[in-house]
Each structure stands twice: as C-alpha cells, then as structure tokens.
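Chain by chain, the residues:
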Amino acid sequence: MKNTSSRGYDVIVAGGGAAGMIAAIFAARAGASVLVIEFNDRLGKKILATGNGKCNYTNRAIDLHNYYGADRAFLEQVFAAFSEQDTEDFFRGLGIEPYEQEGLLYPRSKQAKSVQEALLQEIQRLSVTLVMEKQVKRIEMTDPGFLVTTADKETFTAGSVILACGGKASAIRGSRGDGYYLASCLGHEIAEPVPALVQLHAADPLVKMAAGVRADAGITTWIDDKKTAFWQGELQITDYGLSGIVVFQSSRLAAYGLLEKKDVCLEVDFLPEYAKTEAEELLQRRLHMREGNLTLEQSLQGLLHDKLIAPILKRAGLSAEKLAGDCDKEDVTRLLAALRHYVVKITDTHGFSNAQVTAGGVKTDRIDPKTMESELVPGLFFAGEVLDVDGICGGYNLQWAWSSGALAGMHCIGKRK
C-alpha cells in the first residue's frame, strides 16, 4: 500500500467495494494514476459475505427481467458493453477458475476471499493508491477537474471521479449511503432507498409457533390486494417473521409497499409441488387413513413439520384433537385453504443492517449507459449499488457491480483535463 500526499490523480474512486475495485483496475490498466478512498479498513469487505461466504460472482443466464430500478433499455446497453462472459474472462485472468452450479458461478475454491484477494492483488500490481478508513465528505467541480475532501479535511484532486460508495445495506460492513448525498449535491435525483434481499417482519401466530422451521413453499406477494410476484423455494420461519430465499426475492416489493403505507401480505403455499386437484386428493387420502380414526394433528404428521401443524389448524379454525373422519366438506375446504393460502401480514423489513442490497439510489435517467458518465457533470461516473439498480439472488447484483464498474473504469480517462 502506497503512502499518500495531497496531490493530483487522473482518477479518484470513492468506494472500494466490488464496483470500486473493478473500476480502479480498468482505469489503471488504461494507464491512469488512480486513488481509491475507502471507508472500511480493507477493500471488498462486503464481497466476503456474498454467497454464504462462497461468492456467487455471476450467473451464466443473466435475465434482465430479474433487475429492478433502471429501465430495461438502460440495462441492455450496460450488459452489452460488459457481459457475464466478460466477467468470467476477467476473473479467469486473475486466476479465478469458475465452478458452476445450476448456472450460478462461484470460484472453484468456493471461498469468497479468493475473489476479494484476486482483485486486491491486481490493484496492488497496478500501483493503485489506497486511502483507507476515510469518508468522502464533498466532491466539488473545479477547473479543470474535481476537488475531493474527506471528513477529516484531507483533499485530493483528479480529472475524473467514480462514485462507487455503495448503498445502505449491510451497515455493519460500512455501507452508509454517503453516495446519495454526494450525488444529490452534484444535481442527481435519488430514488428513495429501501432494504432489499432482506428478511421480513410479520404479525401472525405462525412466526411464534413455528420459529426455526424451514419448509419448501410457494410465496405470492400481495400489495393492496394486487398480486405482484410469486417465488418457490425454501421458506424460513423466525421468531420475528419470515426469511429464506423466497422471502428475499419478495422483499424489495414488500419494502416499497411498506414505504408507501400500503397493505403488504405474503400468501404461503405449504404444498407448492401439488396441483390443485392433487392437493385435494392428497388431503382426502390422509384424512381417511386408519378409517378416519386419527386426529387431525396425527393425520398431518409426516406431511408437514410438527411445528407447522398447530398454526395451520388454528388458521383453519379446527381442533388438533378432532377426528379426521369427522371432518365435513367445509372443514376440508378450510384446512386446504390454510395449507395452500396461508396469508401473513408483513409489518416491516429486518432493516438495512441485515439487507444484502439496497433498492433505490441514484436515478439512471441522466447517466450514459455506455460509459456510466453523468450527463449533468462531465467527468463524474457512477458504479454499483449507489445507483437505482438491484437484482434478485443469483449473482445479479455482483454482475451489476462488475459491469457498471468496468465501464466507468474504461471510460473515465482524459476527462476534464
């Protein structure tokens, strides 16, 4: 790591996360003198937590329908200029051999730190200057470049600035949302940030009675009685609400619904692999086991986790001790509805500190998708989570960081000099 003095650079990168690191690399490879200013004590700290520590760094089948925020035409141009294949080739060049699992790419080492260290080694090889544990407080346009001031009044100048400060998610790793303030001071509009890929709080007996349960489920998100999304996968029930990948995928829509004071509910299907008639036949068969002499609780054992049975029967208004054979048509209808349409009212998200990404951020309507340069401030570039772009789980958000960061790094040379 090089010592710094208050001198000028070709490029200053504000933020040393995934997007900032790749931006610095591409700028330095183009021959620029580059300074990275990072709030944390090390670069790429958030990378270490991705993919449960294994770093799902991209996806072989990036689908633009799985991104939110920016319009699809904007995203198409960004990914056309730096694609998933470009990402795979870039990391191969750094020594990261891909391991593929259902289209998701991980480093073959299955260690997120392999990705973080590969990026850091390339940054060091390129003699990028690092200033750690400092917060960028102000970015001012000057003639001919920019003046960047940190919270402790240290100043640096550059011909170009890449704003890659991240969002507000995972605040314990230093994401603070500083980039929104910096961008707004330079004239850019901000879409209200909310937590995304995050757990949700719920008001329902299910969350207390079945805390700790994991179950395969289908989740339909309802905002003010309007169906907005459906996901199937693992649901985790906690003592405060719902978690698991199906909830993470639903959380962005839920978070904005809550922000707008709308009624937000998740409808849970605990038998998602069964068609309607199959589920009805399955339930009837189980209710008639042992000539109908089992209790309802006993008839559901082996089909559901034990801790799910009580809240489902409670929702159906049925006693656990009632004999299954005594159920009439109305009882069966209510039980089937509780199994397949268990509606949980969502009251809150689990907050930015527990979120994997931020939804919202700097609006993309005044940013050139081919270069990531501001149309309002020549020489100012954007990359990564600071922008109003977020995706579902599956390498989408890191691919956005790589694509936007690489483009900013490629095109920031020779500006305002």
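Throughout what follows, the structure given in this document is the object of discussion.

1. A look at the pairing of strand β11 (residues 190-196)
Next, step 1: With five of seven residues buried, β11 is to be regarded as a mostly interior element.
Next, step 2: Both β11 and strand β18 (residues 357-362) contribute to a ladder of five bridges, which runs antiparallel. Directly across from Ala-191, in β18, lies its bridge partner Gly-361.

2. Notes on the environment of Thr-358
Next, step 1: Among the secondary structure elements, Thr-358 is positioned in strand β18.
Next, step 2: For the pair Thr-358 and Val-136, spaced 222 residues apart in sequence, the C-alpha to C-alpha distance is 20 Å.
Next, step 3: Dropping the residues within four chain positions of it, Thr-358 is found in contact with Gly-167, Lys-168, Ala-169, Tyr-180, Pro-193, Val-194, Phe-352, Glu-385, Val-389 and Asp-390.
Next, step 4: Polar side-chain contacts of Thr-358 include one of 2.9 Å to the backbone nitrogen of Ala-169.

3. Some remarks on the sheet that holds strand β5 (residues 98-101)
Next, step 1: The strand order β3-β6-β5 describes an open sheet built from three strands, whose pairing is antiparallel. Two strands in the sheet have a free side with no partner beyond their single neighbour: β3 (58-59) and β5.
Next, step 2: Judged from the four bridges that link them, β5 and strand β6 (residues 104-107) form a sheet pairing that is antiparallel. Pairing of Tyr-99 across the sheet is with Tyr-106, part of β6.

4. A short note on the sheet that holds strand β17 (residues 342-349)
Next, step 1: Spatially, the six strands close up into a barrel ordered β12-β15-β14-β13-β16-β17, and their pairing is antiparallel. Between one strand axis and the next, the sheet turns by 45° as a mean value, whatever way the strands run.
Next, step 2: Pairing of strand β16 (residues 264-269) with β17 involves four bridges; the strand directions are antiparallel. Looking at β17, one finds that Glu-267 is bridged to Val-343.
Next, step 3: Where helix α10 (residues 306-316) meets the sheet, its contacts fall on β13 (214-223), β14 (226-237) and β17, and the angle it forms with β17 comes to roughly 105°.
Next, step 4: Docked against the sheet, helix α11 (residues 329-340) engages β16 and β17, running at close to 110° with respect to β16.

5. Things to note about the pattern of salt bridges
Next, step 1: Within the structure shown, the criterion is met by 23 salt bridges.
Next, step 2: One salt bridge in this structure joins Glu-234 and Arg-214, with 3.1 Å as the shortest N-O distance. Separated by 20 residues along the polypeptide, Glu-234 in strand β14 and Arg-214 in strand β13 bring together distant segments of the chain.

6. A short note on the environment of Lys-322
Next, step 1: Here Lys-322 lies in the loop between α10 and α11.
Next, step 2: Accessibility expressed as a relative area gives 28% for Lys-322, which makes it partly exposed.
Next, step 3: Placed 25 residues apart in sequence, Lys-322 and Glu-297 show a C-alpha to C-alpha distance of 8.2 Å.
Next, step 4: Apart from residues no more than four positions distant in its own chain, Lys-322 is found in contact with Leu-294, Thr-295, Leu-296, Cys-327 and Asp-331.
Next, step 5: Among the polar contacts made by the side chain of Lys-322, one reaches the side chain of Asp-331 at a distance of 2.6 Å.

7. Re α11
Next, step 1: For α11, spanning 12 residues, the distance from its first C-alpha to its last is 16 Å, which sits close to the expected 16 Å at 1.5 Å a residue.
Next, step 2: Within α11, the full set of buried residues consists of Asp-331, Val-332, Leu-335, Leu-336, Ala-338, Leu-339 and Arg-340.
Next, step 3: The N-cap residue of α11 is Asp-328: its side-chain oxygen and the backbone nitrogen of Glu-330 are 3.2 Å apart.

8. A short note on the side chain of Asp-204
Next, step 1: Structurally, Asp-204 is set in the loop between β12 (200-203) and α6 (205-209).
Next, step 2: A polar side-chain atom of Asp-204 sits 2.8 Å from the main-chain amide nitrogen of Leu-206.
Next, step 3: In this structure the side chain of Asp-204 is engaged in a polar contact, spanning 2.4 Å, whose partner is the side chain of Arg-315.
Next, step 4: If we ignore the near neighbours within four places in the chain, the residues touching Asp-204 are Arg-315, Tyr-342, Val-343 and Val-344.

9. Concerning the packing of helix α8 (residues 276-287) against α11
Next, step 1: Where α8 contacts α11, the two axes come as close as 11 Å, and the packing angle between them is 120°. Relative to α11, the element α8 lies oblique. Read as a crossing pair, α8 and α11 show a hand that is right-handed. Between α8, through Lys-276, Ala-279, Glu-280, Leu-283, Gln-284 and Leu-287, and α11, the contact on the second element is made entirely by Val-332, Leu-335, Leu-336, Leu-339 and Arg-340.
Next, step 2: Taken together, the residues of the contact of α8 with α11 sort by class into seven nonpolar, one polar and three charged.

10. A look at the packing of aromatic side chains
Next, step 1: Taken as a whole and assessed by the stated rule, the structure comprises 10 aromatic pairs.
Next, step 2: Look at Tyr-67 and Tyr-396: their rings are 5.3 Å apart centre to centre, the planes differ by 75°, and that puts the pair in the edge-to-face class. Within this pair, whereas Tyr-67 is found in strand β4 (residues 67-69), its partner Tyr-396 is found in helix α12 (residues 396-411), the two being separated by 329 residues in sequence.
Next, step 3: Taking relative accessible area as the criterion, Tyr-67 reaches 5% and is therefore assigned buried.
Next, step 4: Taking the centre distance of 6.2 Å and the plane angle of 75° together, the rings of Phe-79 and Trp-400 count as edge-to-face. Placement of the pair is Phe-79 in helix α2 (residues 72-81) and Trp-400 in helix α12, with a sequence separation of 321 residues.

Rules used in this analysis
Residues numbered from 1 in each chain as written. Predicted model: local features only at pLDDT ≥ 70, side-chain atom pairs only at ≥ 80, totals over all residues. Heavy atoms only, no water. Buried < 20%, exposed > 50% of the residue type's maximum accessible area, 1.4 Å probe, protein only. Helix = DSSP H or I, 4+ residues; strand = E, 2+ residues; numbered from the N terminus. Pairing = 2+ DSSP bridges. Contact = heavy atoms within 4.5 Å. Polar contact = N/O pair within 3.5 Å; in protein donor to acceptor, adjacent residues only side chain to side chain. Axes fitted to C-alpha atoms, helices over the stretch in contact; angles between N-to-C directions. Salt bridge = Lys/Arg side-chain N within 4 Å of Asp/Glu carboxyl O. Expected span 1.5 Å × (residues − 1). Parallel < 35°, antiparallel > 145°, perpendicular 65-115°, else oblique. Left-handed = near helix turned anticlockwise from the far one by under 90°. Nonpolar A, V, L, I, M, F, W, Y, C, P; charged D, E, K, R; others polar. Phe/Tyr/Trp six-rings, centres within 6.5 Å; stacked < 30°, edge-to-face > 60°.

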